[in-house]
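Structural overview
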Amino acid sequence: MANKIDEDVLAEAYNRALTLEKAGDVDAAVKAYEEVLVIDPEDHGGAAVRIAALGRGETPAKAPDAYVETLFDQHAEVFEDVLVEQLGYHVPMMVRQRLQTLGLGPFQRLLDLGCGTGLTGSALRDMCADMTGIDLSENMVEIAHEKDLYETLFVAEVEDFLDDNDEDPFDIITATDVLPYLGALEPLFFGAAENLTPGGLFVFSSETLPEAVLNGRAYIVGPHQRFAHAEAYVRERLTATGFELVEITDINVRMEEGQPTPGHLVVARLAQ
């Protein structure tokens, strides 16, 4: 980081913005978050995402790397307990069930994007000969490493990794709970296509919102600072990047404040 951030000043500014947001003073909250961005341009606190969630400013193309890294580094130790036990997150097992139902697998080489602590790796371990995991959070990768699930682990941003990787292609790429931190999907989908064997599978989950809320937009930042994608946009981007849709399933991704989070589980195949 070029300029040392004054953590106290940043915390004070961020807390002021949060207080204004909770009080329902949107204009003042947005102004306060903009001040946070001046103090911390890398945006470790996700101010830009919060501004978008309040319906102001440009919707960012993705959540800032510094924000995603900080978020998951902070929560790594309690991540599985919170996500699985409290939020009812079972997407990795849904992936396994869909692959088995469709009669797909076993697989030679799997790439698990946003592998976190290894929930998807654990669900698919017996279906894959060789597994590589990627995550932006070093703390998450350390926990995954301790489980001894993956042959290879990298600390990297998924789009950067897909862009730079020149290893052998994979025959399946998974991305569970990655799309909620990405708006524009072209870099991810193109990157996946570049790293798959012809006929290889791309399996991922996304969150969505009712059409009345999306209002014709491809993606927006939802009320919980996570990106929601329109089904039509997901389909259209897959086709544009050389994938054929195998199936798209309506799922409940997780519980949030007692309410289900609607989303999709997508299985796509790279055209041969």
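An account of the accompanying structure is given in this report. (Residues numbered from 1 in each chain as written. Predicted model: local features only at pLDDT ≥ 70, side-chain atom pairs only at ≥ 80, totals over all residues. Heavy atoms only, no water.)

Our next topic: the overall build of the protein chain. What the protein chain contains, in helices and strands, is 12 helices and nine strands. With respect to the three principal axes, the spread of C-alpha positions in the protein chain is 55 × 40 × 35 Å. A separation threshold of at least 6 residues defines the contact pool for the protein chain, and within that pool the share at least 24 residues apart is 63%. Surface accessibility of the protein chain: about 12800 Å² in total, with carbon and sulfur atoms responsible for 50%. With 18 positive and 50 negative side-chain charges, the protein chain shows a spacing of 6 Å between the two charge centroids. (Helix = DSSP H or I, 4+ residues; strand = E, 2+ residues; numbered from the N terminus. Contact = heavy atoms within 4.5 Å. Areas by Shrake-Rupley, 256 points an atom, 1.4 Å probe, with all protein chains shown as cover. Lys, Arg positive; Asp, Glu negative; His and termini not counted. Charge placed at Lys NZ, Arg CZ, Asp CG, Glu CD.)

Moving on to the pairing of strand E5 (residues 196-207). For E5, the buried fraction is high: 10 of the 12 residues fall into the buried class. For the segment spanning strand E4 (residues 170-175), helix H10 (residues 186-194) and E5, crossover handedness is right-handed. In this structure, E5 lies alongside strand E9 (residues 259-270), joined through seven bridges in antiparallel fashion. The partner of Phe204 across the bridge, within E9, is Val266. (Buried < 20%, exposed > 50% of the residue type's maximum accessible area, 1.4 Å probe, protein only. Right-handed = clockwise from strand over helix to strand, strands pointing away. Pairing = 2+ DSSP bridges.)

Taken in spatial order, the seven strands of this open sheet run E3-E2-E1-E4-E5-E9-E8, and their pairing is mixed. A strand with exactly one partner marks an edge of an open sheet, and here the two such strands are strand E3 (152-155) and strand E8 (243-256). Between one strand axis and the next, the sheet turns through 15° on average, direction left out of account. The pairing of strand E1 (residues 107-113) with E4 spans three bridges and is parallel. Pairing of Leu111 across the sheet is with Ile173, part of E4. Strands in contact with H10 are E1, E4, E5, E8 and E9; relative to E5, the strand with the most contacts, it is inclined by about 150°. The sheet strands contacting helix H12 (residues 231-240) are E5, E8 and E9, and the helix crosses E8 at an angle near 145°. (Axes fitted to C-alpha atoms, helices over the stretch in contact; angles between N-to-C directions.)

Turning our attention to the state of the cysteines. One pass over the structure, following the stated rule, counts zero disulfides. Among the cysteines around Cys115, which has no disulfide bond, Cys128 carries the closest sulfur, lying 13 Å off. A residue is classified by how much of its surface remains accessible, and Cys128, at 7% relative accessible area, is buried. (Disulfide = S-S within 2.5 Å.)

With that out of the way, let us pick up unusual backbone geometry. Excluding glycine, residues mostly carry a negative phi; peptide bonds, for their part, are mostly trans. For the bond running from Gly105 to Pro106, omega is 0°, close enough to zero to count as cis. Relative to the elements of secondary structure, Pro106 occurs in the loop between helix H6 (91-101) and E1. Although it is not a glycine, Gln225 adopts a positive phi angle of roughly 65°. By the element assignment, Gln225 lies in the loop between strand E6 (219-221) and strand E7 (227-229). Judged by its relative accessible area of 13%, Gln225 is buried.

Before going further, it helps to examine empty space enclosed by the protein. Within this structure, the stated rule accounts for one cavity of 30 Å³ or more. As a volume, the largest cavity reaches approximately 370 Å³. Around the largest cavity, the lining comprises 28 residues; the ones closest to its centre are Phe72, Gly114, Asp135, Asp177 and Val178. At the level of secondary structure, the elements contributing two or more residues to the lining of the largest cavity comprise helix H4 (65-75), helix H5 (79-86) and helix H7 (119-124). (1 Å grid on protein atoms, 1.4 Å probe; cavity = no way out; pocket = protein on both sides within 12 Å on 5 of 7 lines; lining within 4 Å. Points joined across faces, edges and corners; volume = space filled by probe spheres on them.)

With that settled, consider the pattern of salt bridges. Counting across every chain of the model gives 18 salt bridges. Salt-bridge contacts for Arg96 lead to Asp126; the nearest nitrogen and oxygen are separated by 2.7 Å. Remark: Asp126 occurs in the loop between H7 and strand E2 (128-135) and Arg96 occurs in helix H6; sequence separation between them is 30 residues. Relative accessible area serves as the criterion here: at 16%, Arg96 is assigned to the buried category. Arg226 is the partner of Asp177 in a salt bridge, and the nearest nitrogen-oxygen pair spans 2.7 Å. Here Arg226 lies in the loop between E6 and E7 and Asp177 lies in the loop between E4 and H10, a separation of 49 residues in the sequence. Each of the two residues, Asp177 as well as Arg226, counts as buried. (Salt bridge = Lys/Arg side-chain N within 4 Å of Asp/Glu carboxyl O.)

These results come straight from atomic positions and should not be treated as a statement about function.
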